[in-house]
Number of protein chains: 2
Amino acid sequence: MSRSDLYGMRRCACGNLRRTTRSITQFYDQLLQPSGLRITQFSLLLNISLHGNISVGELGAILLMDQTTVTRNIEILRKQGYINMTKEDDDARKKSISITENGARKLVEAKPLWEQAQSRIEQGLGSERYHDFLKTLKDVAQIVQ
Amino acid sequence: MSRSDLYGMRRCACGNLRRTTRSITQFYDQLLQPSGLRITQFSLLLNISLHGNISVGELGAILLMDQTTVTRNIEILRKQGYINMTKEDDDARKKSISITENGARKLVEAKPLWEQAQSRIEQGLGSERYHDFLKTLKDVAQIVQ
DNA sequence: AAATAACATATGCATATACATATATTATTT
DNA sequence: AAATAATATATGTATATGCATATGTTATTT
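Residues numbered from 1 in each chain as written. Chains lettered and ligands numbered in written order. Predicted model: local features only at pLDDT ≥ 70, side-chain atom pairs only at ≥ 80, totals over all residues. Heavy atoms only, no water.

Caption draft 1: Representation of the protein's contact with DNA strand D in the model. Taken together, the neighbourhood of DNA strand D is formed by 27 residues, with Gln26, Gln67, Arg72, Arg93 and Lys95 of chain A sitting nearest. Near-protein atoms of DNA strand D (within 4 Å) split between backbone and bases, with sugar and phosphate holding 61%. A distance of 2.7 Å is found between a base nitrogen of DNA strand D and a side-chain nitrogen or oxygen belonging to arginine 72 of chain A. At a separation of 2.2 Å, a phosphate oxygen of DNA strand D approaches a polar side-chain atom of lysine 95 of chain A. Put simply, the parts of the chain that give the surface near DNA strand D at least two residues each are helix H2 (13-32), helix H4 (56-63) and helix H5 (67-79) of chain A together with helix H3 (39-50) and helix H5 (67-79) of chain B. The element best represented in the surface near DNA strand D is H5 of chain B, accounting for 5 residues. (Near = heavy atom within 4 Å. Polar contact = N/O pair within 3.5 Å; in protein donor to acceptor, adjacent residues only side chain to side chain. Helix = DSSP H or I, 4+ residues; strand = E, 2+ residues; numbered from the N terminus.)

Caption draft 2: Here's a closer look at the pattern of salt bridges. Evaluated as defined, the whole model comprises 14 salt bridges over all chains. A salt bridge links aspartate 139 of chain A to lysine 135 of chain A; the nearest nitrogen and oxygen atoms lie 2.8 Å apart. Of the two residues, aspartate 139 of chain A and lysine 135 of chain A both sit in helix H7 (residues 127-144), 4 residues apart, roughly one turn of that helix. Beyond isolated ion pairs, a larger network of salt bridges with shared partners links Arg129 of chain A together with Lys135 and Asp139 of chain B. (Salt bridge = Lys/Arg side-chain N within 4 Å of Asp/Glu carboxyl O.)

Caption draft 3: Region of interest: the nonpolar core. Counting 86 residues, the largest nonpolar core has Tyr28 of chain A together with Tyr28 of chain B as its most contacted members. Beyond its immediate stretch of four places on either side in the chain, tyrosine 28 of chain B contacts Cys12, Ala13 and Cys14 of chain A together with Ile39, Trp114, Ala117, Gln118 and Ile121 of chain B. (Core = buried A, V, L, I, M, F, W, Y, C linked by side-chain atoms within 4.5 Å. Buried < 20%, exposed > 50% of the residue type's maximum accessible area, 1.4 Å probe, protein only. Contact = heavy atoms within 4.5 Å.)

Caption draft 4: Structural detail: the interface of chain A and chain B. With 61 residues of chain A at the interface, the matching set in chain B holds 61 residues. Both faces considered, chain A and chain B share a buried interface measuring about 6000 Å² in area, 67% of it formed by carbon and sulfur atoms. Where chain A packs against chain B, one counts 4 salt bridges. The partner of arginine 11 of chain A in a salt bridge is glutamate 122 of chain B, with the nearest N and O atoms 2.5 Å apart. Applying the counting criterion to the chain A and chain B interface returns 31 residue pairs in polar contact (both at pLDDT 80 or more). Mapped onto the side of chain A that touches chain B, the elements with two or more residues apiece are helix H1 (3-7), H2, helix H3 (39-50), H4, helix H6 (101-125) and H7 of chain A. Considering every element that reaches the side of chain A that touches chain B, the biggest residue donor is H2 of chain A, with 16 residues. Across the side of chain A that touches chain B, the residue classes break down as 32 nonpolar, 15 polar and 14 charged. (Buried area = accessible area lost by both parts, 1.4 Å probe. Nonpolar A, V, L, I, M, F, W, Y, C, P; charged D, E, K, R; others polar.)

Caption draft 5: Representation of the relation of the copies chain A and chain B in the model. Structural alignment of chain A on chain B gives an RMSD of 0.0 Å, achieved by rotating through 180° and translating 0.0 Å along the axis. When the rotation and shift are considered jointly, the pair of chain copies conforms to a two-fold rotation axis. When you check the interface residues of chain A against chain B, 100% turn up at the interface there too, and the contact is symmetric in its surfaces. (Least-squares fit on C-alpha atoms with pLDDT ≥ 70 in both.)

Caption draft 6: Representation of the side chain of glutamine 118 of chain A within the structure. Assignment of secondary structure puts glutamine 118 of chain A in helix H6. Judged by its relative accessible area of 0%, glutamine 118 of chain A is buried. Engagement of the side chain of glutamine 118 of chain A in a polar contact is seen with the side chain of tyrosine 28 of chain A, the distance being 2.6 Å. In terms of polar contacts, glutamine 118 of chain A uses its side chain to reach the backbone carbonyl oxygen of arginine 11 of chain B, at 3.3 Å. Excluding residues within four positions of it along the chain, glutamine 118 of chain A makes contact with Tyr28 and Tyr130 of chain A together with Arg11, Cys12 and Ala13 of chain B.

In short, shape yes, function no, at least from these values alone.
So, in structure tokens, the structure goes:
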């Protein structure tokens, strides 16, 4: 294959998404470090807090995360005492996941750290571009659903 | 913390990047499946092909990937016979990584599968928006460097 | 030249991710 | 009601990821 044939593949949507995501994840994880939360755990905890008594499958649908990954990731939060998991009354297959007081306190603790990282990105891009960026991320995900 | 306080955190740059990246990665991996390559391996192989005799550290710098991750990911390609790794003559600390004929054939085989996934995204967004999106991804990565 | 510093890569460990499949529970069919 | 299908979650396995640190090699200092 000629060099120029390969060259065009550098525009790969997935490769570029993954590269930027690696970099930004390191950045957020570094700033969140004093809280002991990683950005993945922070996002999970946030969504559990926003949707009280949510199930594994529903969390996966919201986060576009495989159910098996949700199962494993919430187990880390449970061990730390940040969430509770109980069997649902009307459907014993389902777990009902909710945040604990410790989990809520941890979110409060992590919030200013998250804001530090977040404002760096938003100010770096500018509000309008940042807004467009979020919209495009959602649209890209939508295209493949 | 009040509900509205939490609500604003849904705009998290990292959370949104990771969510979309999970989804797009599944999409590309699915279409690449007949080749046996995953998108991460495809991206690595592509960059090794584009930069002959590259080192672990240089690959990491290009892909914004930790050196230890590069070390492990290229080992998978080596086992498959897609790349060679030799000690550099002038600096025995460095590995010199290059693509094999089998690796080049595998890239040729994967290219139309990749194009199928890629065109879906580009056509879904439209050329101009896609171009802007790539630019913004690079800018976002740049902000935290 | 020996000691030390700097650099490149590798290894131990923990988390993140998803596919294939198993298990348990509820819903539907016969 | 028993059999079957559908659904929700869990487990086995493999890849992806990065931090802390170890190892081996080259460069610099004394």
